[in-house]
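Each chain is listed here by its residues.
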Amino acid sequence: MADVLFRVDASTTIGVGHVMRCKALAEALAERGMGAVFVAAHPAEVVHRLLQGTDFGVRGLPAGLGLGSMEEAQAVATLARAAHAVVLDGYQFGPDYMAWLKQHGPLAILDDMANLPRLPCDLLINSAPYAPDLPYARLAPGADTALGPTFSLIRKEIRDQIGRGSVCPSQRTSVLVTFGGSDPLGLTLPVVRALLPALPQQVMVAVPLGPAVADVAQVMADLQELGAGERLRLHHAPPIVAPVMARAGLAITAGGGTVGELVALGVPMVVAVVVDNQEGAANVEGDRPVIDMRCPGSLAELVRVATDLWADAPMRDNLARAGQVAVDGLGALRVADKIMRLSGRQ
């Protein structure tokens, strides 16, 4: 068994964000000499696809175990006997599940909303800007914490891209459109359809489509039928996406983990809220525009805000500089150091 066990899921329904941020942390642990294994609910095909090309193992739990059940917690604890620590990331895990794992060894939890009555753990991780204001001292008494953008879990390919440097956003000629690994509201096609005629003709639109997007072949065919030619660049589950992101002078993105990666790369953005757990970001983003895509008229508002921001090159440059001060890309390494101390490896 590897040094650290990650219990996390991904699917077309829940998206891939939990796995991607755990992957970022596993990469940082690997740089510190610690191996990782990912344990996922049956079936685990999406998790396998997301971790292709890595050295991380993937173990599927037995079929029939209830998600977040105590039977599952017992199965995970058994698998984790040889691990130095367990990392738990998912909304299906309750306090009793966490407490069971904690009594069997060091436990780190990734949390987003502080909406459970207690969070028994040894390390609490939440990189959202509002995280330091949440009542974690009461919910997880005695636990170490990794709170705020300083601890943003940025993947290694993004960190490597930051090291290569780039020109400021006002000198870039493309807009990135991405709604996460699964695009749960099916926004990619309507947004790109509305955005293309609203932007100057010389501006390209880059569209990475995640590995869990439903009916992705049809979505790509429909996008091609827009007739944008070379202005539209489609990328289906690219193994390396950081260069595509870094070339964008503006991004339209769902409000998940991609936000932190774009900030670290110096890409200004319009954030689209697509699920409930992204609502908190809408209250703390400051000058970064946030549109709730579940509201009437949101598509037109999103395109209007994006085209206005594209036209304001100085504002885009200012947003990029301010963001990179808050998110330097090294957060995963900082969290990895905390896990190493937790597990007695440092």
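Engineer: Could you give me a rundown of the packing of helix 7 (residues 188-195) against helix 12 (residues 298-311), with the residues and numbers involved?
Structural biologist: Two numbers describe how helix 7 lies on helix 12: the axes approach to 10 Å, and their chain directions differ by 50°. Considered as vectors, helix 7 and helix 12 are oriented oblique to each other. Note on packing geometry: the crossing formed by helix 7 with helix 12 is right-handed. The segment helix 7 lies against helix 12, with Pro 190, Val 191, Ala 194 and Leu 195 engaging Leu 299, Leu 302, Val 303, Ala 306 and Thr 307. Each residue belonging to the contact of helix 7 with helix 12 can be placed in one class, and the counts come to eight nonpolar, one polar and no charged.

Engineer: Report on the pairing of strand 1 (residues 4-8), specifying residues and quantitative values.
Structural biologist: For strand 1, the buried fraction is high: five of the five residues fall into the buried class. Residues Val 4, Phe 6 and Val 8 line one face of strand 1 and the alternating positions Leu 5 and Arg 7 line the opposite face, and both faces are buried. Taken together, the four bridges between strand 1 and strand 2 (residues 36-40) define a ladder with parallel strand orientation. Each bridged residue has a counterpart across the sheet, and for Leu 5 the counterpart in strand 2 is Val 37. Note on the crossover from strand 1 through helix 1 (residues 17-31) to strand 2: the handedness is right-handed. As judged from the five bridges shared by strand 1 and strand 4 (residues 85-89), these two strands associate in the parallel manner. What sits directly across from Arg 7, in strand 4, is Leu 88.

Engineer: Give me the pattern of salt bridges: which residues, what numbers.
Structural biologist: Applying the stated rule across the entire model yields 17 salt bridges. Across the salt bridge formed by Arg 21 and Asp 89, the nearest N and O atoms sit 2.7 Å from each other. Here Arg 21, found in helix 1, pairs with Asp 89, found in strand 4; they are 68 residues apart in sequence, far enough to count as distant. For Arg 233, the salt bridge is made with Glu 230, and the minimal N-O distance between the two is 3.5 Å. Residue class for Arg 233 comes out partly exposed when judged on its relative accessible area of 37%.

So, how was this worked out
Residues numbered from 1 in each chain as written. Predicted model: local features only at pLDDT ≥ 70, side-chain atom pairs only at ≥ 80, totals over all residues. Heavy atoms only, no water. Axes fitted to C-alpha atoms, helices over the stretch in contact; angles between N-to-C directions. Helix = DSSP H or I, 4+ residues; strand = E, 2+ residues; numbered from the N terminus. Parallel < 35°, antiparallel > 145°, perpendicular 65-115°, else oblique. Left-handed = near helix turned anticlockwise from the far one by under 90°. Contact = heavy atoms within 4.5 Å. Nonpolar A, V, L, I, M, F, W, Y, C, P; charged D, E, K, R; others polar. Buried < 20%, exposed > 50% of the residue type's maximum accessible area, 1.4 Å probe, protein only. Pairing = 2+ DSSP bridges. Right-handed = clockwise from strand over helix to strand, strands pointing away. Salt bridge = Lys/Arg side-chain N within 4 Å of Asp/Glu carboxyl O.

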